[in-house]
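# Architecture at a glance
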Amino acid sequence: MSAKNEGAAAGADDKEGDQSESVDSQVESLRNFLGRFHLSAGSSGQEEKPKPEQLLKELTLEGIADFIKEGKCKKVIVMSGAGISTSAGIPDFRTPGTGLYDNLQKYNLPNPQAIFEIGFFKENPEPFFTLSKELFPGAFYPTPSHFFIHLLHEKGILLRHYTQNIDGLDRMAGVPDELIMEAHGSFHTGHCLNCNEMYTEESMREKIMADLIPRCAKCNETGVVKPDVVFFGESLPPRFPTLVSEDFPQCDLLIVMGTSLVVQPFASLIDKVPEMTPRLLINMEKSGKADPMMMMFGFPSGMDFDSDDKYRDVAYIGPCDEGCEKLAGFVGWKKEMTVLVNEGEAKKKKKGETESPTKDETAKTPTSATKDQKPKTSASPGKKSSASPTKDKKPSSKKD
Ligand SMILES: [Zn+2]
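Basis of the calculations
Residues numbered from 1 in each chain as written. Predicted model: local features only at pLDDT ≥ 70, side-chain atom pairs only at ≥ 80, totals over all residues. Axes fitted to C-alpha atoms, helices over the stretch in contact; angles between N-to-C directions. Helix = DSSP H or I, 4+ residues; strand = E, 2+ residues; numbered from the N terminus. Parallel < 35°, antiparallel > 145°, perpendicular 65-115°, else oblique. Left-handed = near helix turned anticlockwise from the far one by under 90°. Contact = placed C-beta atoms within 7 Å. Nonpolar A, V, L, I, M, F, W, Y, C, P; charged D, E, K, R; others polar. Pairing = 2+ DSSP bridges. Buried ≥ 20, exposed ≤ 12 C-beta atoms within 10 Å, placed from the backbone.

## Digging into the packing of helix H2 (residues 61-69) against helix H10 (residues 320-331)
The N-to-C vectors of H2 and H10 enclose an angle of 50 degrees; their axes lie 8 Å apart at closest approach. The angle between H2 and H10 falls in the class oblique. Between H2 and H10 lies a crossing whose hand is right-handed. Residues Leu61, Glu62, Ile64, Ala65, Ile68 and Lys69 of H2 form the contact with H10, whose own contacting residues are Lys326, Leu327, Phe330 and Val331. Taken together, the residues that form the contact of H2 with H10 break down as 7 nonpolar, no polar and 3 charged.

If you want it as structure tokens, here you go:
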């Protein structure tokens with residue numbers, strides 16, 4: 001069966017390779033294009049473009065905070081990756097040895113990424129569902145970074161949250177469904193691979209927690225119900241390109257958090273905001289930096305934190321939660337932020353206390369909660385969560 005793993009190349013370990021390949025091909029097509037005009041790198045064949053106006057007083061976190069405080073942005077886009085969920089305890093499931101894989105030994109996977117390859121899944125869905133049991137919504141809780149995104153929504157300035165995570169922690173933190181674009185899908189819904197019938201998270205949960213493979217009732221259990229997580233070899237959700245083309249041209253502040261910005265098409269979204277729109281990166285390292293080759297030709301292609309021409313990009317290097325809490329503090333939202341985070345902590349604590357002995361709340365307890373109990377409420381629809389395997393998972397789609 002391993003012969004069918006055509007998506008295997010999209011695995012985590014290959015992401016740098018993929019990227020440089022795509023950059024190479026970009027540069028190559030650029031060369032071809034310029035060749036037609038007998039231009040080459042270093043020639044002055046293009047007019048000097050004036051530097052766009054700098055909207056931030058200073059290119060710092062404080063500068064961003066002032067920009068927000070002074071009401072200069074009303075349409076904030078947040079883009080996030082695994083870094084906003086690491087403090088929730090979500091393991092990097094792609095790294096063998098994290099424990100998540102221990103239960104999968106018996107399946108003899110050709111490689112860890114095979115679990116998320118659609119070709120492999122169709123032949124052998126069991127390993128994915130074994131892993132899903134541990135990652136399924138309910139086992140983890142939102143981080144301060146998620147509550148910060150919720151706060152932006154409360155303040156009425158969140159245009160959209162684009163996330164590569166499939167953990168649903170933003171939803172659990174209270175960000176409304178319609179403001180979330182899960183680029184790599186989620187466990188929120190699922191579909192029969194045979195007849196495409198839709199299933200809810202709750203109906204899949206029951207089966208998965210009972211160590212059963214969810215199958216489709218409509219087609220007499222011939223079809224496997226696959227959660228709508230985007231696998232290697234699958235397209236991004238259809239809503240993604242539509243929203244991107246609507247949202248990014250009107251974005252007046254872009255906040256990028258916890259992502260190394262190497263997976264396309266997600267990574268290139270940062271260049272889709274207007275030229276003057278300030279961009280803040282909160283991450284453990286500077287990511288999304290401009291490609292010098294492309295810049296030489298005057299093409300915008302990434303963040304510019306350090307050059308003499310910098311005018312809008314700000315990097316806060318550190319944990320996402322820390323960056324979000326500092327930013328909230330500078331804007332004057334410290335109190336509200338603390339309230340949200342404390343409420344989240346209280347819920348988590350309460351859940352921890354009530355989960356095994358009582359069944360008063362929902363079926364959203366980690367692992368085996370639903371074995372002998374009907375999840376009577378399935379909880380409020382806006383409160384699902386999940387775990388985030390997709391660090392910088394690379395769906396194969398190239399819609400962009
Ligand atoms: Zn079906």
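## Here's the deal with the sheet that holds strand E9 (residues 313-317)
Strand order in the open sheet made by the 6 strands is E3-E2-E1-E7-E8-E9, with parallel pairing throughout. The sheet is open, and its two borders are formed by strand E3 (180-182) and E9, each paired with just one other strand. Going from strand to strand, the sheet's axes swing by 15 degrees on average, the running direction of each strand aside. In this sheet, strand E2 (residues 158-163) lies alongside strand E1 (residues 76-80) in parallel orientation, the contact comprising 5 bridges.

## Topic: the environment of Gln164
Structurally, Gln164 is set in the loop between E2 and helix H6 (169-172). Gln164 sits 17 residues away from Met181 along the chain, and the two C-alpha atoms are 8.7 Å apart.

## Some details on the packing of helix H5 (residues 144-154) against H10
As a packed pair, H5 and H10 sit with axes 8 Å apart at the nearest point and diverge in direction by 35 degrees. Remark: the crossing between H5 and H10 carries left-handed chirality. Residues Pro144, Ser145, Phe148 and Leu151 of H5 pack against Cys320, Asp321, Cys324, Glu325 and Ala328 of H10. Among the residues making up the contact of H5 with H10, the classes are represented as 6 nonpolar, 1 polar and 2 charged.

## Quick look at the pairing of strand E7 (residues 253-257)
Burial of E7 is extensive: 5 of the 5 residues sit out of reach of the surface. The alternating pattern of E7 places Leu253, Ile255 and Met257 and Leu254 and Val256 on opposite faces, both of which are buried. The sheet contact formed by E1 and E7 spans 5 bridges and is parallel. Each bridged residue has a counterpart across the sheet, and for Val78 the counterpart in E7 is Ile255. Pairing geometry for E7 and strand E8 (residues 279-283), over 4 bridges, is parallel. By the bridge assignment for E8, Val256 is matched with Leu281.

## Points about the sheet that holds strand E5 (residues 198-200)
Taken together, the 3 strands give an open sheet; going across it, the order is E5-E4-E6, and neighbouring strands pair in antiparallel fashion. Pairing within the sheet leaves two strands with one partner each, and these edge strands are E5 and strand E6 (225-229). Across the sheet, the mean angle from the axis of one strand to that of its neighbour is 40 degrees, orientation sign disregarded. By the bridge criterion, 3 bridges tie strand E4 (residues 185-192) to E5 in an arrangement that is antiparallel.

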